[in-house]
Amino acid sequence: MGSLLKGASGVRWGELRDATGTTAGGVLPLLSRIAYGDEDSARIAIDDLGDAICSLGFVVGEATAPTVPFLLELAGSPHVACKAELLDLLGSICRTDQWHSAAAAVQDREHGASYQQQPGWEAAARKAVYAGRSVIEGVASSVRPEEATPARKLLQEMDRIPPFPEL
């Protein structure tokens, strides 16, 4: 794996489900393409990874939270292309509340129990983004506006978005 993503091979991606409900076995190759591919390959990989871990830009899955630390590592690396796209993906993950909204809508109803895992995935994913605040702050201090601006936007969103309420 090289110096980036050392811990990524230790995650049991094949046992996790992505946001589309399929196995997350494709996450590791996509992370690798982002880390070591050229800019065009990285951009396509970020788009594909976004579809897998933050489907439609607002639905996360079981594999989302374990992926976030690697997205943060890539965003903080000086040699990785497409930082703005990585930060946008992290912002989408941070903003997701689809499962919480659904669980709140069915609270105290017959199917409410079926929504118990998914809100946990959202909470874990958001918590993972917040855990990387220092990385995002580092990118926000970049002299490159194409990196600093999306990082500052994400920090503002993180300050504005409250923690999830207990369901």
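Remember, predicted model here, so these are calculated numbers, not experimental data.

A look at the overall build of the chain
Part 1: Across its full length, the chain carries 8 helices and 2 strands.
Part 2: Secondary structure elements of the chain, listed N to C terminal, follow the sequence α-α-β-β-α-α-α-α-α-α.
Part 3: The buried share of the chain, reckoned over its 167 residues, is 45%.
Part 4: Excluding contacts between residues fewer than 6 apart, the proportion of contacts in the chain whose partners are at least 24 apart in sequence is 65%.

Quick look at the environment of Gly76
Part 1: Its place among the elements puts Gly76 in helix H3 (residues 64-76).
Part 2: Placed 10 residues apart in sequence, Gly76 and Leu86 show a C-alpha to C-alpha distance of 10.0 Å.
Part 3: The contacts of Gly76, once residues within four sequence positions are left out, are Lys83, Val135 and Val139.

Brief notes about the nonpolar core
Part 1: By size, the foremost hydrophobic cluster in this structure holds 47 residues, and its most contacted members are Leu31, Leu71, Leu74, Ile93 and Ile136.
Part 2: Those elements that place two or more of their residues in this core are helix H1 (27-36), helix H2 (39-53), H3, helix H4 (83-95), helix H6 (117-131), helix H7 (133-140) and helix H8 (145-160).
Part 3: The leading source of residues in this core is H3, at 7 residues.
Part 4: Filtering out sequence-adjacent residues up to four positions away, Leu74 remains in contact with Leu4, Leu5, Leu31, Ile34, Ala35, Val80, Lys83 and Leu86.

What about unusual backbone geometry?
Part 1: Not every positive phi belongs to a glycine, and Leu5 is a case in point at roughly 65 degrees.
Part 2: Here Leu5 is to be found in the segment before H1.

Some points on the side chain of Glu157
Part 1: Looking at the element boundaries, Glu157 is found in helix H8.
Part 2: Beyond its immediate stretch of four places on either side in the chain, Glu157 contacts Gly91, Arg95 and Tyr130.

Comments concerning the pattern of salt bridges
Part 1: Going through the model one piece at a time under the given rule, you end up with 9 salt bridges.
Part 2: In this structure, Asp159 engages Arg133 in a salt bridge whose closest nitrogen and oxygen atoms are separated by 2.9 Å. Of this pair, Asp159 sits in helix H8 while Arg133 is found in helix H7, placing the two residues 26 residues apart along the sequence.
Part 3: On the basis of relative accessibility, which here comes to 57%, the residue Asp159 falls in the exposed class.
Part 4: Residues Glu146 and Arg144 are paired through a salt bridge, measuring 2.7 Å at the closest nitrogen-oxygen approach.
Part 5: With relative accessibility at 43%, the residue Arg144 sits in the partly exposed group.
Part 6: Bridged by salt links that share partners, the residues Glu39, Arg43 and Glu85 form one connected network.

Side note on the packing of H1 against H3
Part 1: Interaxial distance between H1 and H3 falls to 11 Å at its minimum, and their mutual angle equals 5 degrees. By the criterion of interaxial angle, the relationship of H1 to H3 is roughly parallel. For the pair H1 and H3, the contacting residues are Val27, Leu31, Ile34 and Ala35 in the first and Thr67, Phe70, Leu71 and Leu74 in the second.
Part 2: Among the residues forming the contact of H1 with H3, the class breakdown is 7 nonpolar, 1 polar and no charged.

About the criteria used
Residues numbered from 1 in each chain as written. Predicted model: local features only at pLDDT ≥ 70, side-chain atom pairs only at ≥ 80, totals over all residues. Heavy atoms only, no water. Helix = DSSP H or I, 4+ residues; strand = E, 2+ residues; numbered from the N terminus. Buried < 20%, exposed > 50% of the residue type's maximum accessible area, 1.4 Å probe, protein only. Contact = heavy atoms within 4.5 Å. Core = buried A, V, L, I, M, F, W, Y, C linked by side-chain atoms within 4.5 Å. Salt bridge = Lys/Arg side-chain N within 4 Å of Asp/Glu carboxyl O. Axes fitted to C-alpha atoms, helices over the stretch in contact; angles between N-to-C directions. Parallel < 35°, antiparallel > 145°, perpendicular 65-115°, else oblique. Nonpolar A, V, L, I, M, F, W, Y, C, P; charged D, E, K, R; others polar.

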